[in-house]
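Understanding the architecture of this molecule
The chain contents come next:
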Amino acid sequence: DTAVSQTPKYLVTQMGNDKSIKCEQNLGHDTMYWYKQDSKKFLKIMFSYNNKELIINETVPNRFSPKSPDKAHLNLHINSLELGDSAVYFCASSQEWTGGTYNEQFFGPGTRLTVL
Amino acid sequence: DQQVKQNSPSLSVQEGRISILNCDYTNSMFDYFLWYKKYPAEGPTFLISISSIKDKNEDGRFTVFLNKSAKHLSLHIVPSQPGDSAVYFCAAGVTGGGNKLTFGTGTQLKVEL
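Summary of the structure given here. All values derive from a computational prediction rather than experimental measurement.

So, the overall build of chain B
- Helix and strand counts for chain B stand at 0 helices and 11 strands.
- Going from the N terminus to the C terminus, chain B shows its helices and strands as β-β-β-β-β-β-β-β-β-β-β.
- The C-alpha radius of gyration computed for chain B amounts to 13 Å, which stays within 12% of the reference 13 Å derived for 113 residues, consistent with globular compactness.
- By its C-alpha atoms, chain B is 45 × 30 × 20 Å across when sized along the principal axes.
- Counting all 113 residues of chain B, 45% fall into the buried class.
- Sequence separation of 24 or more characterises 55% of the internal contacts of chain B that already satisfy a separation of 6 or more.
- Counting every atom, chain B has about 5,300 Å² of accessible surface; 49% of that belongs to carbon and sulfur.
- Chain B carries 11 positive and 10 negative side-chain charges, and their two centres are separated by 3 Å.

Here we look at the nonpolar core
- Phe-33, Trp-35, Leu-73, Leu-75 and Tyr-88 of chain B are the most contacted members of the largest nonpolar core, which totals 23 residues.
- Of all the secondary structure elements, the ones that give two or more residues to this core are β3 (19-25), β4 (32-38), β5 (45-51), β7 (62-67), β8 (72-77), β9 (86-93) and β11 (107-112) of chain B.
- Per element, the largest residue contribution to this core is 4 residues, and it comes from β9 of chain B.
- If we ignore the near neighbours within four places in the chain, the residues touching Tyr-88 of chain B are Gln-6, Leu-21, Trp-35, Tyr-36, Lys-37, Leu-47, Leu-75, Ile-77, Gly-106, Thr-107 and Leu-109 of chain B.
- Listed in part, the 20 residues of the second largest apolar core include Ile-21, Met-46, Ile-78 and Ala-87 of chain A.

Let's talk about the packing of aromatic side chains
- This structure, assessed with the given rule, holds 13 aromatic pairs over all chains.
- Seen from their ring centres, Tyr-35 of chain A and Phe-103 of chain B are 5.6 Å apart, and the 90 degrees between their planes marks the pair as edge-to-face. One end of the pair, Tyr-35 of chain A, is in strand β4 (residues 31-37); the other, Phe-103 of chain B, is in strand β10 (residues 102-103), on a second chain. As far as the burial class goes, Tyr-35 of chain A and Phe-103 of chain B line up, both buried.
- Centre to centre, the rings of Phe-107 of chain A and Tyr-36 of chain B are 5.5 Å apart; their planes meet at 80 degrees, and the pair counts as edge-to-face. With Phe-107 of chain A in strand β10 (residues 106-107) and Tyr-36 of chain B in strand β4, this pair bridges two chains.

Points about a nonpolar patch on the surface
Residues and elements named next belong to chain B.
- There is a patch of nonpolar side chains on the surface, built from Ile-18, Ile-20 and Val-78 and spanning about 230 Å² of accessible area.
- Here Ile-18 shows up in the loop between β2 (10-14) and β3.
- By relative accessible area, Ile-18 is classed as partly exposed at 40%.

Topic: the state of the cysteines
- Taken as a whole and judged by the stated rule, the model has 2 disulfides over all chains.
- Cys-23 of chain A shares a disulfide with Cys-91 of chain A; S-S distance 1.8 Å. Sign of the S-S torsion, about -75 degrees for the bond between Cys-23 of chain A and Cys-91 of chain A, identifies this disulfide as left-handed. Here Cys-23 of chain A is found in strand β3 (residues 19-25), whereas its partner Cys-91 of chain A is found in strand β9 (residues 87-94), with 68 residues between them in sequence. Across the pair, Cys-91 of chain A and Cys-23 of chain A agree in class, each one buried.
- In this model Cys-23 of chain B forms its disulfide with Cys-90 of chain B; the gap between the sulfur atoms is 2.0 Å.

A short note on the pattern of salt bridges
Residues and elements named next belong to chain A.
- Per the counting criterion, the structure on display carries 6 salt bridges over all chains.
- As a salt-bridge pair, Lys-71 and Asp-30 come within 2.8 Å of each other at their nearest N and O atoms. A residue pair is termed long-range when its members are at least 10 positions apart, and Lys-71 in the loop between β7 (64-70) and β8 (73-78) and Asp-30 in the loop between β3 and β4 qualify at 41 residues.
- When its relative accessible area of 14% is taken as the criterion, Asp-30 is described as buried.
- Between Arg-63 and Glu-82 there is a salt bridge, with its nearest N and O atoms 3.5 Å apart. Linking Arg-63 in the loop between β6 (53-57) and β7 with Glu-82 in the loop between β8 and β9, this pair joins segments that are 19 residues apart in sequence.
- Given the relative accessible area of 41%, Glu-82 is considered partly exposed.

Notes on unusual backbone geometry
- A cis amide bond, omega -5 degrees, links Thr-7 of chain A with the succeeding residue Pro-8 of chain A.
- Tracing the chain through its elements places Pro-8 of chain A in the loop between β1 (4-7) and β2 (10-13).
- Backbone torsion omega between Val-78 of chain B and Pro-79 of chain B reads -10 degrees, so that peptide bond is classified as cis.
- Along the chain, the position of Pro-79 of chain B falls in the loop between β8 and β9.

About the criteria used
Residues numbered from 1 in each chain as written. Chains lettered and ligands numbered in written order. Predicted model: local features only at pLDDT ≥ 70, side-chain atom pairs only at ≥ 80, totals over all residues. Heavy atoms only, no water. Helix = DSSP H or I, 4+ residues; strand = E, 2+ residues; numbered from the N terminus. Rg over C-alpha atoms; globule rule 2.2 N^0.38 Å. Buried < 20%, exposed > 50% of the residue type's maximum accessible area, 1.4 Å probe, protein only. Contact = heavy atoms within 4.5 Å. Areas by Shrake-Rupley, 256 points an atom, 1.4 Å probe, with all protein chains shown as cover. Lys, Arg positive; Asp, Glu negative; His and termini not counted. Charge placed at Lys NZ, Arg CZ, Asp CG, Glu CD. Core = buried A, V, L, I, M, F, W, Y, C linked by side-chain atoms within 4.5 Å. Phe/Tyr/Trp six-rings, centres within 6.5 Å; stacked < 30°, edge-to-face > 60°. Patch = residues over 30% accessible without salt bridge, like charges linked within 9 Å, V, L, I, M, F, W, Y side chains within 5 Å. Salt bridge = Lys/Arg side-chain N within 4 Å of Asp/Glu carboxyl O. Disulfide = S-S within 2.5 Å.

Structure representation (structure tokens):
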């Protein structure tokens with residue numbers, strides 16, 4: 001059983017289109033994250049949600065909108081795609097952060113987005 | 001501003017020898033550090049961590065050393081095995097920071113027979 005799954009694995013699309021990437025976790029975690037790994041291999045957090053509530057929102061264009069229908073899902077919707085959005089997007093989940101040092105994050109396999 | 005740096009993009013080591021992967025950080029607020037391992041077409045997986053109150057943490061073949069004064073940590077793998085060939089990411093966080101991790105750009109380790 002895949003703990004954190006993402007669909008699609010690959011996504012090729014034209015500039016200006018709107019696309020979504022789906023993420024699901026079956027670990028019973030309360031917190032989910034989206035990361036972007038760019039061409040320079042930087043793995044940078046974009047958002048995190050805890051029990052469907054946004055708790056981390058880094059400096060990300062508002063064309064990117066996370067949506068959490070329930071605590072097992074965190075989807076990423078991107079409007080008006082640009083060339084610079086081409087990257088690998090990773091979803092992750094962890095136990096709810098309750099003020100301790102950290103909770104291990106479990107990552108999905110990634111979605112490679114190519115914008116032409 | 002790159003707060004976590006892995007200056008060696010790649011490292012090649014012979015099987016059975018020691019692999020040493022290095023990581024530097026600039027943010028003195030970081031108080032916990034993690035290493036993640038990543039195989040191609042997979043997401044990163046947690047390997048080992050260390051809190052800033054320690055200077056060493058060991059788990060089997062993997063040992064992480066932390067030098068707070070130098071803002072430097074390293075991951076030692078002894079003995080190295082071909083299955084260790086992967087990209088290793090260093091990450092750091094701040095207690096109270098909502099479990100937010102700041103990652104380095106990774107080091108590709110190749111363990112040769």
